[in-house]
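# Coordinate inspection notes
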Amino acid sequence: MVEQAVITEDEAALYDRQIRLWGLDAQRRLRASKVLLIGLRGLGAEVAKNIVLSGVKSVTLLDDTVVSEEDSCSNFLVAREDVGKNRAQCSLDRTQLLNPMVEVTADTDSVDSKPDDFFTKFDVVCALCCKPTVLVRINKICSENKIKFFCGDVFGYYGYMFSDLGFHEYAEEVQKKTQTSTTTTTDADGEPASKKSKTEEFETVVVKNSAKFCCLGEALDVDWKIPANSKKLKRTPSTYFIMKVLNQFMEQESRRPAVNTSTEDSSLLCKLKSEVLDKSGVTSDIIDDEFTQKCFAELSPVCAIVGGVLGQEIIKAVSHKDPPHNNFFFYNGVEGSGLVDKIGS
Amino acid sequence: MAASMKSVLAENVREKVSSSKILVVGAGGIGCELLKNLVLTGFVDIETIDLDTIDVSNLNRQFLFRKEHVGKSKAQVAKESALRFNPDAKIIAYHDSVMSTDYGIEFFQKFDVVMNALDNRAARNHVNRMCLAADRPLIESGTAGYLGQVTVIKKGVTECYECIPKPRQKTFPGCTIRNTPSEPIHCVVWAKHLFNQLFGEEDPDQDVSPDTADPELTAEAGQTALESEAKENVTGGIERKSTKSWAQDIDYNPEKLFHKMFRDDIKYLLSMSALWKKRRPPIPLDWNDLPNTVDGVEVQDTIRDQTQWSIQQCADVFAKSLNNLKQDLAKQGDDGMLVWDKDDDAAMDFVASAANIRAHIFGIAVKTRFDIKSMAGNIIPAIATTNAIIAGLIVMEGLKILSGNLEQCKAVYLNRQPNPRKKLLVPCALDKPNPKCYVCAPKHEVNVIINTKKMTVKQLEEKVLKVGLGMVAPDVIIDGRGTILISSEEGETEENNDKLLSDFGIQNMTILQCDDFLQNYNLNVIVVHRDKLEDDQEYVIVGDVSELQAKIEAETNDKTTEENTNGASNEPGPSNIEIEEDDLMIIDNEEIEQITYSKKRKIDDDIEGTPTAKKMRLSSDNVKNDDDDAVIIE
């Protein structure tokens, strides 16, 4: 499996409360893992915080964009006066302060300029705020090199994460019933019944398990007209389609819906909605137009929720502990829903 | 920032956010995340209160703190760090207990929303009552490992924090601890009691010597033991002059202490032969001849705390920690005492070594110092991601309250795995107030089963009223007679403290009018007298009279049935309002960010519109702890 690192006494003290949760072996695997984090906005800040605190070996922050005013409502790794400066570079100091034991570096190149072999140096690649074509390319490289791939984004009240862990093996603790009925029912010796061992006890046993993931391209290109898919439609989180519309916006415009162009962007989103849904083979009433008003910037608590789930999934993936969420998590802050669904086969 | 916020939040919400005043109670795991979310979302008027200081084990998740902050006030450092995220915010930090009388109803009335980020039930109960009294919405939250929950409490609209009795913690009968341990935890509890007997406050409930009043012993056997005890004045009878003074007389000599605890007392236990008819008898140990091997495979490359000590190593650690603790005690001067703390190396070493030596004697599996620390310190694992998610959910509920959409608020549970309806976050409709709740219902009345001939006024105040019923500074009058039993004015009723309740004519069905001025809370306590309580409990709180009836009937039923029920008494049940502090086990104050799940959960109507009021139990019998609490997880 994964390389393991030695945990020092200082680390044992720092990570005490989490070692008590996921165990020393999981912490050793975390300690050996190298993570590439692309996209340092509000969601990126949350993910960076969570994985740096968890004690991975290294985190590389990759972003060629500059800090905007929007960052002040969700990105706590940059300062107000950083507006106009590179996001990765500006996030470096505060990220490093979170945990001096993790190697944190910043890379201000664009994702597109990076050759395929750049990504193969990492154990995990987490790509945030990228357009779908970029995500599909990175996913493919990761898949070919057995690197754990994650992506995600937050738009206003909405957020999602996706993972492709390939064929993923993990350890899982399950409660097993053990019959320890050593009871002596009748009792002539005056031993009170309450002193006897219980008839049924639970024992925690660790079992090996595995899960198979699909790639993002497949998860995005589902044809919902096919009966096998259309019958799942009713129970598919509608936020999936909101995400698809927003992804299409980014693909087409090569930018995110923005606060200062919100009026135009809202109407474009309405138009894209019909196109995207039509192309997917679903009727346009599956989502209403409210999202086109509530998808600007990033709402900090939404980043915290999606970044918390995403961060924990990265921790699960590298530590090979616990069943991962296969393959989407959607948070919809308007509905207040947080759903996991497997989309694509 | 104003520009960007404009499109994230609707105009009216944005105005509410920037003009409302928020109280964040607790600046720990959830509190740090919450303060960050609040200032980023645009809240600029925040106060936060926490009495704790920063510890190195906080740093894996309480991300507003760094190594150089260890030992400093959490509230103060959290404020300074959060202000860097939004320099426009105004944050007032209090390094103080929220239960202090400095924070009365007027203090709570200043706020539009109160957000709890607490780690113990006593403070949660108190803030619940203060918010009810001040009529302010409260967002309550908690996490434990991968699990978490957020709920909204509003006077007269929703359940309050105390509407549903919380599951009580598991406790152990005194004779199990003193005579017949069968699990590692029994030995850990015993070792903590031993620590207190040797270095801490004298407490007769924490006796560590063999218990001759064990109900398993027939009267005769107990008598024989008593007689032999009388003969053994040299060692066996030392309790008469207190373990502590005896230990001081022998200058905490490790060999003598070891022989008393692990040889002579064990031999004495063996003399109670009735105990060992069906059990493996304990094997006394000799200081000069201890096993020096470790069972099982030696684990390589592990951390120090996770290596298993041999019994010889335990004895060495026992001796060394005794010596260190002796010196610590000496520094306290005459009449000084030590308070057990899992983070104090000598105190932890002492408990780990003593628990393992005792476990070995009784043929119980020995544990690593790491595991014993979890048990003795009642450590609830805590991680950054869960706290981040829960703090995010708190703000989402807060936004609904401020938008005037209280009816849209939900109790939200974070699961470890999605449920069959794909929900990782499970929103549940908020319950209506429990009309029989002794805290938020119009009539505050509760039944308390006690032995009035054994309980002192002081015990009533400290254990029943403060711990059991969550009061802070109660005044108590005996109903119909006007006698002031307890006054919150310092010294006014001190002479009553050591008297028994029966000395004041308190008997079955006497009503005690209890009043907590700070909480603006009145409660009528109906005394139910019993000569003997189940499981040696000191008191049992029964919220509802009909439950009491059921209980009385059950008691008078077949004896065996009763005992079987006792065996399952850690099951959360309506008649088991939790008893935080019990007489059997003391566990120190460990920080947790967690609240218990109530037994029932209503699931929202799902997307397909299937109306459901399914009851489900996701987890957990967890109980949070507080100073001197006994809590066992699962």
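Residues numbered from 1 in each chain as written. Chains lettered and ligands numbered in written order. Predicted model: local features only at pLDDT ≥ 70, side-chain atom pairs only at ≥ 80, totals over all residues. Heavy atoms only, no water.

## Observations regarding the overall build of chain B
Per the secondary structure count, chain B includes 18 helices and 14 strands. The buried share of chain B, taken over its 634 residues, is 59%. Restricting the contact set of chain B to residue pairs at least 6 apart, pairs at least 24 apart contribute 71%. For chain B, the exposed surface amounts to about 25200 Å²; the carbon and sulfur share of it is 49%. (Helix = DSSP H or I, 4+ residues; strand = E, 2+ residues; numbered from the N terminus. Buried < 20%, exposed > 50% of the residue type's maximum accessible area, 1.4 Å probe, protein only. Contact = heavy atoms within 4.5 Å. Areas by Shrake-Rupley, 256 points an atom, 1.4 Å probe, with all protein chains shown as cover.)

## Topic: the sheet that holds strand 9 (residues 445-450) of chain B
All names here are of chain B. Across the sheet, which stays open at both edges, the six strands sit in the order 11-10-12-13-9-14 with mixed pairing between neighbours. Here the strands that pair on one side only, and so sit at the sheet edges, are strand 11 (484-486) and strand 14 (539-542). Strand-to-strand twist in this sheet, taken as the mean axis angle between neighbours without regard to direction, amounts to 30°. Relative to strand 11, strand 10 (residues 474-478) is paired through two bridges, and the arrangement is antiparallel. Residue pairing across strands places I477 opposite I484, the latter belonging to strand 11. Contacting strand 9, strand 10, strand 11, strand 12 (511-516), strand 13 (521-529) and strand 14, helix 16 (residues 457-468) runs over the sheet at an angle of about 65° to strand 11. (Pairing = 2+ DSSP bridges. Axes fitted to C-alpha atoms, helices over the stretch in contact; angles between N-to-C directions.)

## Overview of the confidence of the model for chain A
When pLDDT is averaged along chain A, the result is 92; 92% of the residues meet or exceed 70. Segment residues 181-199 of chain A: pLDDT under 50, and 30 contacts once partners within four positions in sequence are set aside and those in other chains are kept. (pLDDT = per-residue confidence, 0-100.)

## Brief notes about the packing of helix 11 (residues 254-271) of chain B against helix 13 (residues 345-361) of chain B
Residues and elements named next belong to chain B. Relative orientation of the contacting elements helix 11 and helix 13 amounts to 20°, with a least axis distance of 11 Å. Relative to helix 13, the element helix 11 lies roughly parallel. Considering how the two elements wind past one another, helix 11 and helix 13 form a crossing that is right-handed. Along the contact surface, helix 11 presents F258, F262 and I266, while helix 13 presents A354, I357, R358 and I361. (Parallel < 35°, antiparallel > 145°, perpendicular 65-115°, else oblique. Left-handed = near helix turned anticlockwise from the far one by under 90°.)

## A look at the environment of A:L310
All names here are of chain A. Structurally, L310 can be placed in helix 11 (residues 300-319). Residue L310 is classed as buried on the basis of its relative accessible area, which comes to 0%. For the pair formed by L310 and N99, sequence separation is 211 residues and the distance between their alpha carbons is 19 Å. Beyond its immediate chain neighbours, meaning those up to four positions away, L310 contacts V47, C126, L128, F150 and M161.

## So, the interface of chain A and chain B
On the chain B side, the residues contacting the 73 residues of chain A number 71 residues. Summed over both partners, the interface of chain A with chain B comes to about 6500 Å²; 59% of that surface belongs to carbon and sulfur atoms. Considering only the surface of chain A that becomes buried against chain B, A:R17, A:R20 and A:R235 emerge as the three largest contributors, covering 14% of it. Put simply, chain A and chain B have five salt bridges between them. A:E46 is paired through a salt bridge with B:K36; the nearest N and O atoms lie 2.4 Å apart. Along the contact surface separating chain A from chain B lie 20 residue pairs in polar contact (both at pLDDT 80 or more). Of all the secondary-structure elements, those providing two or more residues to the side of chain A that touches chain B are helix 1 (9-14), helix 2 (16-31), helix 3 (42-54), helix 4 (87-98), helix 11, strand 9 (328-332) and strand 10 (337-341) of chain A. (Buried area = accessible area lost by both parts, 1.4 Å probe. Salt bridge = Lys/Arg side-chain N within 4 Å of Asp/Glu carboxyl O. Polar contact = N/O pair within 3.5 Å; in protein donor to acceptor, adjacent residues only side chain to side chain.)

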